[in-house]
Amino acid sequence: MFTGIQEILVLVVIILGILFLPRILNRGQEKETAKPEPAFVLSGKLRLAVAASILWPAVIAAFIQPWKKDLIPFLYLGFGPVALVWIMYWVFTGFRKKER
């Protein structure tokens, strides 16, 4: 009866040792880990554009209700302007990068 409890306690001690020993041993040392810089940083304007790209079709869907009516007007009024604005942004940034 006690051998089962002892085995469980030994397993608990081993698991706790695996989890906590590295933390205890590294307390005196300073960690000098450099934070990796993000590959792509979103500016405030770009975040606003992404949020508007999500909200515009949602608002249009609430008014037009494409699940009850025809889907085509929703595609034109909901996703059409969003796609048009992002295509224009893509083209204008391409021209600006070419000028630099």
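As the structure is a prediction and not an experimental result, all values here were calculated from the model.

Let us look at the overall build of the chain. In terms of helices and strands, the chain carries three helices and zero strands. The burial tally for the chain puts 11% of its 100 residues in the buried class. On the chain, roughly 9,600 Å² of surface is accessible, and the fraction owed to carbon and sulfur atoms is 71%.

Attention now goes to helix 2 (residues 44–64). In a regular helix each residue adds 1.5 Å, so 21 residues correspond to 30 Å; helix 2 covers 30 Å between its end C-alpha atoms and thus fits that length. Along helix 2, the residues that are buried comprise Leu46, Ser53, Pro57, Ile60, Ala61 and Ile64. Residue Gln65 follows helix 2 closely and has a positive phi angle near 55 degrees.

What follows deals with the packing of aromatic side chains. Across all of its chains, the model carries two aromatic pairs by this definition. When the ring of Phe74 is compared with that of Phe79, the centres are 5.4 Å apart and the planes differ by 80 degrees; the resulting orientation is edge-to-face. With relative accessibility at 43%, the residue Phe79 sits in the partly exposed group.

Averaged over the chain, the pLDDT score is 82; the fraction of residues at 70 or greater is 88%. Per-element averaging of pLDDT across the chain places helix 1 (residues 2–25) at the bottom with 77 and helix 2 at the top with 89.

Of note in the backbone geometry, Gln65 takes a positive phi value of approximately 55 degrees without being a glycine. Topologically, Gln65 is positioned in the loop between helix 2 and helix 3 (72–99).

This part covers the side chain of Thr93. By the element assignment, Thr93 lies in helix 3. Since its relative accessible area comes to 16%, Thr93 is described here as buried. From its side chain, Thr93 meets the backbone oxygen of Trp90 in a polar contact 3.0 Å long.

Each value, and the rule that gives it
Residues numbered from 1 in each chain as written. Predicted model: local features only at pLDDT ≥ 70, side-chain atom pairs only at ≥ 80, totals over all residues. Heavy atoms only, no water. Helix = DSSP H or I, 4+ residues; strand = E, 2+ residues; numbered from the N terminus. Buried < 20%, exposed > 50% of the residue type's maximum accessible area, 1.4 Å probe, protein only. Areas by Shrake-Rupley, 256 points an atom, 1.4 Å probe, with all protein chains shown as cover. Expected span 1.5 Å × (residues − 1). Phe/Tyr/Trp six-rings, centres within 6.5 Å; stacked < 30°, edge-to-face > 60°. pLDDT = per-residue confidence, 0-100. Polar contact = N/O pair within 3.5 Å; in protein donor to acceptor, adjacent residues only side chain to side chain.

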